[in-house]
Amino acid sequence: MSENSYTFLIMLILSICFYIFMFIDVSRKGDSQMGYFLRRALTSLLALWLIVTITFTIMHLIPGGPFASEKKLPDAILRNLEQRYHLNDPLYKQYAGYLINLLQGDLGPSFKYENRTVNSIIREGFPVSAALGSLAIVLSLSAGILAGTVSALRQKRWQDYTVMTMATFGFSIPSFILAGLLMYVFAYKLRVLPSALWGAWQQAVLPTLALAALPTAFIARLVRSSMLEVLRLDYIRTARAKGLSESNIILRHALPNAILPVVTYSGPLIAAILTGSFVVEFIFAIPGLGRWFVQSITNRDYTVILGVTIFYSAFLMLMNLIVDLIYIAIDPRIKLFDSKEV
Amino acid sequence: MTQLLSVKDLKVNFKTNLGEVQALQGVSFDLVMGEVTAVVGESGCGKSVTALSIMKLLPTPPGCIVSGQVIFDGQDLLLKNEKEMRKIRGGSIAMIFQETNTSLNPTLKVGTQIMEVLQNHSELPASEKKQRALEVISMAGLPDPEMVYKQYPHQLSGGMKQRAMIAMALAGGPRLLIADEPTTALDVTIQAQILELLQELKQNLGTSLLLITHDLGIAAGIASRVMVMYAGKIVESGTAGDIFHDPGHPYTRGLLDSIPRPGQRQKLSPIPGRPPDLINPPQGCAFWPRCGQAMLICRELPPQATNLAGSHQVCCWLTHRYAFNNY
Amino acid sequence: MEIKPQMFQPLPDELQAYENTSPPAHGYWKDVWSRFKKHKLAMTGLIIIGLLVLMSVIGPCMSGHTYYDQDLSMVNRAPNSIYWFGTDALGRDLFTRVWWGARISLFIGLLTSVTCLVIGVLYGGISGYLGGRADEIMMRLVEVLLSIPFLLYVILLIILFEPGLKAIFLALGLVCWLNMARIVRGQVLSLKEREYVLAARLLGISKWRILSRHLIPNAMGPIIVTATLLVPEAIFTEAFLSFLGLGVSSPQASWGVLASEGMHGLRNYPWQLFFPAFLISLTMFAFNFVGDGLRDAMDPRGGLT
């Protein structure tokens, strides 16, 4: 197949994807809650298809990539690849085959390890990453919301300055440097916590801290500013005029509205934790998916890189959809207007 | 004639980047039980600040009550602490606000927001509280209380939201209701309905009403006493009749002249200029730069309140005996 | 003062023309600058950035060593009088390498920020200004691209382009303008309907002129803040990519590369991590403070200070 027709095909696919996006308008007004959600889900699916197409394209473009047949590979792997991807078929057949494999949840074999598939790597690594990630998310949400609220309520006092200074620290130190520092201080110098591996709770402390620092700082700043904004709103004055106690006003009236931006942020939060996990898992030698990913980048294990990228993308999109659902559940304003016109 | 509320020489400042704004410069008035008193004036003249100071709801900082007394039921509210004030807010003094769209919490149901008042201020057994909430909803003239109880604010129209606010205010059984521009954000027909409702409530429940408005028409329609504020001071006060038929202050006359009247053919005469900067208020009478009848003394000394007839008080040099000689 | 009858004469006409003295009106940017100057942390940040830039220019020539010369007899030395920041595993002078890295890291940060500024302002400005269907389509594209986890694609793109300075630029430039475009568009939309634009249109001024002379200068505030914060973000991302082995290749050095090299010898030679890590964090601080200071200075409600 010539380069030209191949480029043409890719462009065609991309433009089809693009046009379909045009006609799915997620923000259409007067839409029902379910309709809105379905539309979002459909967009995500199409975005995923776009991603798959892009990755397929990149796989073919990478010099010395998995489909460059002139490359010298161990026979077993070459046979495996040929059998899986029908390398001698025309491109559209390859693309179709790739999609069909994907639909069946098959991400293909590893390019470097004979006896591993991308699926087996994900099965092995993802549970570990998910456990670490959940810990970091719980920590950053609780610590971030608490710190942000305290900071807003004590605006321009020492509590506020302390929290904001710490948040700026958390904001300014890349997670791998923080991981290094934590490891140096607690594992090498003080010798109070283990420096590597996964299993015991002590081994979870440092990676969780390293992973959660940046999102915590971000959430604290977010909650602080939205809290300050909410506290200025009229309904807070109404609540005061009703004679409610300050704690009641904060907990029932201000906080639920002030954390709405945090819910919106949860999508990027999960993404940040995920990318953070690459380096943190690598540094602390945690056998999670992130470390596999980093290793496959170092080894140029293309099929693993691409398979895991698709898996991560799908995972993040699923998470974004769930966040959407949560948002709908929390904020009644974007609920279906039941039989009542407004 | 018993006084429910009596404000004495209230002074309030706001700190800003540009300097201290003297928002209230010695406001004094009495509010008679069971009456409707209106405070009128242009925006920025200190009407809302007065209302918020009575409730001690001024945002502090930047606001600061410098001096004065707010005597409600024989007790000075300014001396009370936060906890005691909480008993009074929403209980014996309730307040409703102008911004109907934003004054209710969007994430809580109307019923929940009314119940909060009852939980704080009502002695009723828990089982009867919901009944009472439904009662105040229908007292506020909302149809289908059960339905409204379960709805979120965004599901109500502007007028219904204001009724929900009123229901919330009534829940605590207030003796004084402060309404800060309660109808400004509403359509004219709904304005009339809300005013009618407020009047009804006053008659049926004996609640006194402090109505804050920039609209003289509304004040004329509902209030028995009217106070005119300008630049942080009360410049004229009296019965509605005094103010509308025999205005004593040039500012009041100016306000009346800027209202169109049916059948009136001549041009409206608005008051020229803008209210003064309250960071550096004019030395004499705050109104003299805009006053058509200003005299030399108006630039020098602030005028004192003078009793004209009955309870009609005017704060203007024109009422001085020397001024009569010149005209 | 005594009250006398003659004080009750009507005010003469010339005194009637009394004007309220309002505070003197400053120019907007002058106001912003004077508020910014009061923001101590932001000023500190600005000074730090100045020093870093200065050191990145003169630092590499100060110690007399080059960033690539290896001295295998002097590997992993602790900071001393010859090697002020010590040496790395190949006996290269860390002091020189750190400031050489500063050059590259700052360059990446600034260039990415400028690239995104240009693309974002053009794209967002045009989208917001045209409005209607064109705006919808252009923003739809941005939304779809934003929903894709961008770091993964930066990684893929860099693998595709072969790691190096060019690849990092291309990849960062391809993904970082999205947010900028959204912010610019929002600003333009909110400014578009103001009277002076209408006035300009009535005067028959062309669309392009309205965009470049009226809309963009007035939308500058949030755009400048975003651009400022893009610099540390790009440096951050570059460091992250270097850690994954996708940064500039040896003997070139960026802070990310140095930190990731320092990571290997962490247990025994902590200074190898310490210096680049400290400088990365210092740069983050400085830019974040400046960004905060600018935000507060341009929008005087709320904020610290």
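Residues numbered from 1 in each chain as written. Chains lettered and ligands numbered in written order. Predicted model: local features only at pLDDT ≥ 70, side-chain atom pairs only at ≥ 80, totals over all residues.

1. Let's talk about the interface of chain A and chain B
At step 1: Listed as interface residues are 19 residues of chain A and, on the opposing side, 25 residues of chain B.
At step 2: Of all elements in the fold, only helix H9 (234-241) and helix H10 (246-258) of chain A reach the threshold of two or more residues within the side of chain A that touches chain B.
At step 3: Of the residues forming the side of chain A that touches chain B, the biggest block, six residues, is contributed by H9 of chain A.
At step 4: Here the side of chain A that touches chain B is built from residues that sort into seven nonpolar, five polar and seven charged. (Contact = placed C-beta atoms within 7 Å. Helix = DSSP H or I, 4+ residues; strand = E, 2+ residues; numbered from the N terminus. Nonpolar A, V, L, I, M, F, W, Y, C, P; charged D, E, K, R; others polar.)

2. Overview of the packing of helix H11 (residues 260-283) of chain A against helix H13 (residues 302-330) of chain A
Residues and elements named next belong to chain A.
At step 1: In the contact formed by H11 and H13, the axes pass within 9 Å of each other and the chain directions differ by 165°. Taken together, the axes of H11 and H13 are roughly antiparallel relative to one another. Note on packing geometry: the crossing formed by H11 with H13 is right-handed. Where H11 approaches H13, its residues Leu260, Val263, Thr264, Ser266, Gly267, Ile270, Ala271 and Leu274 are matched on the opposing element by Tyr312, Leu316, Met319, Asn320, Val323, Ile326, Tyr327 and Ile330.
At step 2: By residue class, the composition of the contact of H11 with H13 is twelve nonpolar, four polar and no charged. (Axes fitted to C-alpha atoms, helices over the stretch in contact; angles between N-to-C directions. Parallel < 35°, antiparallel > 145°, perpendicular 65-115°, else oblique. Left-handed = near helix turned anticlockwise from the far one by under 90°.)

3. So, the confidence of the model for chain A
At step 1: Taken over all residues, the pLDDT of chain A has a mean of 78, while the share at 70 or more is 78%.
At step 2: For the stretch residues 335-342 of chain A, pLDDT sits under 50, and the model shows eight contacts to residues farther than four places along the chain or on other chains. (pLDDT = per-residue confidence, 0-100.)

4. Regarding helix H6 (residues 158-171) of chain B
Every α-helix carries 3.6 residues per turn, so stepping three or four residues along brings you back to the same face.
Residue and element names in this part refer to chain B.
At step 1: For H6, built from 14 residues, the straight-helix expectation of 20 Å at 1.5 Å per residue is met to within 8% by its first-to-last C-alpha distance of 20 Å.
At step 2: For H6, the tally of buried residues reaches 13 of 14 residues, placing the bulk of the element in the interior.
At step 3: Following H6 by one or two positions, Gly173 has its phi on the positive side, about 65°. (Expected span 1.5 Å × (residues − 1). Buried ≥ 20, exposed ≤ 12 C-beta atoms within 10 Å, placed from the backbone.)

5. Re helix H6 (residues 158-172) of chain A
At step 1: Here H6 of chain A spans 21 Å end to end across 15 residues, near enough to the 21 Å set by a 1.5 Å rise per residue.
At step 2: Of all the residues in H6 of chain A, the buried ones are Val163, Met164, Ala167, Gly170, Phe171 and Ser172 of chain A.
At step 3: Turning to H6 of chain A, the residues buried within the fold contact helix H5 (118-153) and helix H8 (201-231) of chain A together with helix H12 (271-298) of chain C.

6. Thoughts on the UniProt feature "domain: ABC transmembrane type-1" (unreviewed entry) in chain A
At step 1: The positions UniProt marks with the feature "domain: ABC transmembrane type-1" (unreviewed entry) are residues 126-327 of chain A.
At step 2: Helix makes up 85% of residues 126-327 of chain A and strand makes up 0%, while its end C-alpha atoms are separated by 26 Å. (UniProt positions renumbered as here; feature names shortened; annotations may be inferred.)

7. Some points on the interface of chain A and chain C
At step 1: Counting residues at the interface gives 34 residues for chain A, matched by 33 residues for chain C.
At step 2: Elements supplying a minimum of two residues to the side of chain A that touches chain C: helix H1 (3-23), helix H2 (33-61), H6, helix H7 (175-189), H11, helix H12 (289-299) and H13 of chain A.
At step 3: Split into classes, the residues belonging to the side of chain A that touches chain C amount to 27 nonpolar, seven polar and no charged.

8. Focus on the confidence of the model for chain C
All names here are of chain C.
At step 1: Residue-level pLDDT values for chain C average 77, and 85% of them are 70 or greater.
At step 2: Taken as a whole, residues 17-23 scores under 50 in pLDDT and shows eight contacts with residues more than four places along the chain or in a different chain.
At step 3: Contacts for the low-pLDDT stretch residues 301-305, under 50 throughout, to residues beyond four places or in other chains number seven contacts.
At step 4: Listed scores for the predicted complex are pTM 0.80 and ipTM 0.82.

9. Regarding the UniProt feature "transmembrane region" (unreviewed entry) in chain A
At step 1: UniProt tags residues 6-24, 45-62, 130-153, 165-188, 200-223, 262-284 and 304-330 of chain A as "transmembrane region" (unreviewed entry).
At step 2: Along residues 130-153 of chain A, the helical share is 100% and the strand share 0%, with 34 Å between the first and last C-alpha atoms.

10. Describing the UniProt feature "transmembrane region" (unreviewed entry) in chain C
Residue and element names in this part refer to chain C.
At step 1: As recorded in UniProt, the sites labelled "transmembrane region" (unreviewed entry) are residues 41-59, 104-129, 141-161, 167-184, 223-249 and 269-291.
At step 2: Secondary structure content for residues 104-129 is 100% helix and 0% strand, while the C-alpha to C-alpha distance between its ends is 36 Å.
At step 3: Helix makes up 78% of residues 223-249 and strand 0%, and the two end C-alpha atoms of the span are 33 Å apart.

11. Concerning the pairing of strand E8 (residues 208-213) of chain B
Residue and element names in this part refer to chain B.
At step 1: Counting buried positions along E8 yields six of six residues, so the element is predominantly enclosed.
At step 2: Of the two faces of E8, the one holding Ser208, Leu210 and Ile212 and the one holding Leu209, Leu211 and Thr213 are both buried throughout.
At step 3: The pairing of strand E3 (residues 36-40) with E8 spans five bridges and is parallel. Considered in E8, the bridge of Thr37 is made with Leu210.
At step 4: Alignment of strand E7 (residues 176-180) against E8, held across five bridges, turns out to be parallel. (Pairing = 2+ DSSP bridges.)

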